[in-house]
Amino acid sequence: MDKSKRLFLKPKRSFRRRLPPIQSGDRIDYKNMSLISRFISEQGKILSRRVNRLTLKQQRLITIAIKQARILSSLPFLNNEKKILNNEKKFEKIESTTRTTTTG
């Protein structure tokens, strides 16, 4: 085979089928916090269906369960813990870098 033809051939990749994130026995419910927390980002956002590898029906049920848990205060609407810590660190840095000059 010519070198020019070899460049266009794709190498064969072995691919392992991933396990579904929700087993058949898992119940999608607002009370099942261990299941729901897997589908929420660090900021508290609902992850997309493509990222979760869920079916359309499962994604809808997860979304409804997350929203119900938020309304019942089981889940926060936003996770601001990191932002608060970062703001405190910035404030400390600003405080330590300010200089006191005396004119005389």
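Predicted model, so just to flag it, every value in this text is computed and none were measured. (Residues numbered from 1 in each chain as written. Predicted model: local features only at pLDDT ≥ 70, side-chain atom pairs only at ≥ 80, totals over all residues. Heavy atoms only, no water.)

S.K.: Summarise the nonpolar core; cite the residues concerned and give the values.
M.R.: The biggest cluster of nonpolar side chains holds eleven residues, and these are Ile22, Leu35, Ile36, Phe39, Ile40, Leu54, Ile62, Ala65, Ile66, Ala69 and Leu75. Elements with a minimum of two residues in this core: helix H2 (33–36) and helix H4 (56–71). At four residues, the largest contribution of residues to this core is made by H4. Those residues in contact with Phe39 that sit more than four places away from it in its chain are Pro21, Ile22, Lys45, Ile46, Leu47, Asn52, Leu54, Ile62 and Ile66. (Core = buried A, V, L, I, M, F, W, Y, C linked by side-chain atoms within 4.5 Å. Buried < 20%, exposed > 50% of the residue type's maximum accessible area, 1.4 Å probe, protein only. Helix = DSSP H or I, 4+ residues; strand = E, 2+ residues; numbered from the N terminus. Contact = heavy atoms within 4.5 Å.)

S.K.: Explain the confidence of the model for the protein chain to me, and be specific about the residues and the numbers.
M.R.: For the protein chain, per-residue confidence averages 78 on the pLDDT scale, and residues scoring 70 or more make up 65% of the total. In the model of the protein chain, helix H5 (residues 81–97) stands out as the element of lowest mean pLDDT, 57, in contrast to H4, which has the highest, 94. (pLDDT = per-residue confidence, 0-100.)

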